[in-house]
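Remarks on the overall topology
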Amino acid sequence: MTLRADVHQMMRDRPATRVWLAVLASGARDFDELATAAGLTPLGRAWVEIDRGRAERFLAGLLRFDLAYKSEVMTQHRADWLAGEFVRAFGRYDVRFATNSPDLPDGAAFGWDPATEHTFDAGLAVISTMGAAIYWVADED
């Protein structure tokens, strides 16, 4: 699994209190192992597994909108492109996606199980035969 350097940098540069982007070439057994490797709190049974399409939409919303105020921090075009590049990097088959929320970050009612000590946090974890990665964002009120 290779995430292009420009994609990696643009995702890390998203304005936020803190951004985590961990890519593991050797993969991970489960989402909790991946979270721990990135320095996040494992969520156990609170992980919400989602399909590829929802994962891409969730990530695009996470990249585009501030979690605290829902203000735009990135253009829709760039957020959609980055989300697509990230999701496609793991191939089409044998890929699992999970997050800490059943809601999209741009939704009016955003609920989540926290993986950090910050006021708001959300992210996407990916495990595939090609590797694993987690992208997480935390914002303050």
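Residues numbered from 1 in each chain as written. Predicted model: local features only at pLDDT ≥ 70, side-chain atom pairs only at ≥ 80, totals over all residues. Heavy atoms only, no water.

Observations concerning the nonpolar core
Soluble globular proteins tend to pack their nonpolar side chains together in the buried interior. To keep it simple, the criterion reads: The set of buried Ala, Val, Leu, Ile, Met, Phe, Trp, Tyr and Cys residues whose side-chain atoms join them within 4.5 Å is what this entry labels a nonpolar core. The classification of residues rests on relative accessible area computed with a 1.4 Å probe and restricted to protein chains. Under 20% of the type maximum is buried, over 50% is exposed, and intermediate values are partly exposed. Think of it this way: any DSSP run of H or I at least four residues long counts as a helix, any run of E at least two long counts as a strand, and we number them from the N terminus. Contacts between residues were defined by any pair of non-hydrogen atoms, one from each residue, lying within 4.5 Å.
Ranked by internal contacts, the top residues of the largest apolar core, which has 32 residues, are Met11, Leu59, Leu63, Phe86 and Tyr135. Counting residues per element, the ones that place at least two in this core are helix H1 (5-12), strand E1 (18-24), helix H3 (52-64), helix H4 (76-88), strand E3 (95-99), strand E4 (120-128) and strand E5 (131-139). Apart from the residues lying within four places of it in its own chain, the contact partners of Met11 are Val19, Leu21, Leu59, Leu63, Leu82, Phe86 and Tyr135. Formed by 18 residues, the second largest nonpolar core is a distinct cluster that contains Ala28, Leu40, Ala125 and Ala132.

Observations regarding the side chain of Asp139
So the rule is basically this: Distance and chemistry together define a polar contact, namely a pair of N or O atoms within 3.5 Å, with one atom able to donate a hydrogen and the other to accept it when in protein, and with adjacent residues in sequence counting only for side-chain atoms on both sides.
By the element assignment, Asp139 lies in strand E5. A relative accessible area of 3% places Asp139 in the buried class. Side-chain polar atoms of Asp139 contact the backbone nitrogen of Thr17, separated by 3.4 Å. For Asp139, the side chain forms a polar contact with the main-chain nitrogen of Leu67, separated by 3.0 Å. Discounting chain neighbours no more than four positions away, the residues touching Asp139 are Arg14, Pro15, Ala16, Thr17, Asp66, Leu67, Ala68, His118, Thr119 and Phe120.

Here we look at the packing of aromatic side chains
Put simply, the rule is: Between rings of Phe, Tyr and Trp, where Trp is taken as its six-membered ring, a pair exists when centres lie within 6.5 Å; planes separated by under 30 degrees are stacked, by over 60 edge-to-face, and by other angles tilted.
The full count for this structure, using the stated rule, is three aromatic pairs. Consider the rings of Phe31 and Trp47, whose centres lie 5.5 Å apart with planes at 40°: the pair is tilted. In this pair, Phe31 is assigned in helix H2 (residues 31-38) and Trp47 in the loop between H2 and strand E2 (48-50), connecting sequence segments 16 residues apart. A residue is classified by how much of its surface remains accessible, and Phe31, at 4% relative accessible area, is buried. Measuring from centroid to centroid gives 5.9 Å for Trp47 and Trp136, while their planes differ by 80°, and the two rings are edge-to-face.

Considering the environment of Gly27
Along the polypeptide, Gly27 turns up in the loop between E1 and H2. Separated by 103 residues in the primary sequence, Gly27 and Met130 have C-alpha atoms spaced 7.2 Å apart. In this view, Gly27 contacts Glu33, Gly131 and Ala132; residues no more than four positions away in its chain are not counted.

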